[in-house]
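Residue strings, one per chain:
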Amino acid sequence: MARNAPTLDRYSLRILAELQRDSRQTVQQLAERVGLSSTPCWKRVKEMEAAGVIRGYTALVDREKVGLDLAVVVEVNLGEHAEAVVQRFEQAVAACPQIVLCLATTGQSDYIMTVLVADVASYERFLHDTLFKLPGVAHVRSAIVLKEVKAVVALPVGA
């Protein structure tokens with residue numbers, strides 16, 4: 001666990017699980033679901049927010065309903081691994097909205113990322129206009145996602 005993180009007992013873990021299920025519920029509803037009164041529940045939520053355990057709240061959007069029909073898993077290798085090159089690459093990736101996930105990895109690829117675009121033509125443009133031009137990129141492998149078998153954002157807290 002990270003330094004300065006609060007101790008996560010069973011109530012805190014229940015709070016996290018409930019907030020991941022529905023972050024729009026009131027403190028009263030949340031407290032009832034986890035078995036606490038409102039004030040201690042609210043204090044725990046605020047403590048976890050302050051400690052960075054809870055990083056924020058968001059809406060889950062159906063990507064296909066907003067025109068992002070194509071998901072692509074992309075493996076990237078850099079030509080060199082000097083710290084300056086890596087930092088420039090990672091900063092450029094962070095600024096690119098089509099890249100929704102990027103992981104630095106061991107194994108064959110330096111990075112594995114998920115890219116969301118409208119269609120194959122859009123992905124081809126993204127490759128030529130953006131991905132191939134990112135700092136340090138030497139090799140790219142793409143795999144078109146045929147079907148999402150499982151896609152969750154909730155962490156298995158307390159599992």
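Residues numbered from 1 in each chain as written. Predicted model: local features only at pLDDT ≥ 70, side-chain atom pairs only at ≥ 80, totals over all residues. Heavy atoms only, no water.

1. Comments concerning the overall build of the protein chain
Across its full length, the protein chain carries five helices and four strands. Each helix (α) and strand (β) of the protein chain, taken in turn from the N terminus, gives the series α-α-α-β-α-β-β-α-β. The globule rule puts the C-alpha radius of gyration for 159 residues at 15 Å, and the 20 Å found for the protein chain is more than 25% above it. Summarising its shape, the C-alpha atoms of the protein chain cover approximately 55 × 40 × 25 Å along the three principal directions. Looking at the protein chain as a whole, 28% of its 159 residues qualify as buried. Of the contacts formed within the protein chain by residues at least 6 apart in sequence, a portion of 63% connects residues at least 24 apart. Summing over all exposed atoms, the protein chain offers an accessible surface of approximately 10,700 Å²; the carbon and sulfur share of this is 53%. (Helix = DSSP H or I, 4+ residues; strand = E, 2+ residues; numbered from the N terminus. Rg over C-alpha atoms; globule rule 2.2 N^0.38 Å. Buried < 20%, exposed > 50% of the residue type's maximum accessible area, 1.4 Å probe, protein only. Contact = heavy atoms within 4.5 Å. Areas by Shrake-Rupley, 256 points an atom, 1.4 Å probe, with all protein chains shown as cover.)

2. Brief notes about the packing of aromatic side chains
All told, the structure shown has two aromatic pairs when counted by the stated rule. Here Phe 89 and Tyr 111 contribute two aromatic rings whose centre-to-centre distance is 4.6 Å and whose plane-to-plane angle is 45 degrees, an arrangement assigned as tilted. Of this pair, Phe 89 sits in helix 4 (residues 83-94) while Tyr 111 sits in strand 3 (residues 111-117), and the two are 22 residues apart along the sequence. Like Tyr 111, Phe 89 is buried. (Phe/Tyr/Trp six-rings, centres within 6.5 Å; stacked < 30°, edge-to-face > 60°.)

3. Quick notes on the packing of helix 1 (residues 10-21) against helix 2 (residues 27-34)
Packing of helix 1 against helix 2 brings their axes to within 9 Å, and their N-to-C directions diverge by 125 degrees. One way to sum up the angle between helix 1 and helix 2 is to call them oblique. Between helix 1 and helix 2 the crossing geometry is right-handed. Together, Tyr 11, Arg 14, Ile 15, Glu 18, Leu 19 and Arg 21 of helix 1 and Leu 30, Arg 33 and Val 34 of helix 2 make up the contact between the two elements. Split into classes, the residues belonging to the contact of helix 1 with helix 2 amount to five nonpolar, no polar and four charged. (Axes fitted to C-alpha atoms, helices over the stretch in contact; angles between N-to-C directions. Parallel < 35°, antiparallel > 145°, perpendicular 65-115°, else oblique. Left-handed = near helix turned anticlockwise from the far one by under 90°. Nonpolar A, V, L, I, M, F, W, Y, C, P; charged D, E, K, R; others polar.)

4. Comments concerning the nonpolar core
Membership of the largest hydrophobic core comes to 21 residues, with the highest contact counts inside it found for Val 74, Val 76, Phe 89, Met 113, Val 115, Tyr 123 and Leu 131. Taken together, the elements giving at least two residues each to this core come down to strand 1 (70-78), helix 4, strand 3, helix 5 (120-129) and strand 4 (137-144). Counting 12 residues, the second-largest nonpolar core is a separate cluster that includes Tyr 11, Ile 15, Leu 36 and Val 45. (Core = buried A, V, L, I, M, F, W, Y, C linked by side-chain atoms within 4.5 Å.)

5. Let's talk about the pattern of salt bridges
Under the defined criterion, the tally for this structure stands at six salt bridges. The partner of Lys 46 in a salt bridge is Glu 49, with the nearest N and O atoms 3.1 Å apart. Linking Lys 46 with Glu 49, this pair stays in helix 3 (residues 38-50), spanning three residues, or about one helical turn. Accessibility expressed as a relative area gives 37% for Lys 46, which makes it partly exposed. Of the charged contacts, one joins Glu 75 and Arg 141 as a salt bridge, the two residues approaching to 3.1 Å between their closest N and O atoms. A residue pair is termed long-range when its members are at least 10 positions apart, and Glu 75 in strand 1 and Arg 141 in strand 4 qualify at 66 residues. A single salt-bridge network, built from bridges that share partners, covers Glu 18, Arg 21 and Arg 33. (Salt bridge = Lys/Arg side-chain N within 4 Å of Asp/Glu carboxyl O.)

6. Some words on the side chain of Asp 110
Among the secondary structure elements, Asp 110 is positioned in the loop between strand 2 (99-104) and strand 3. One buried charged residue, Asp 110, remains without a salt bridge, the closest side chain of opposite sign being Arg 141 at 8.4 Å. (Lys, Arg positive; Asp, Glu negative; His and termini not counted.)

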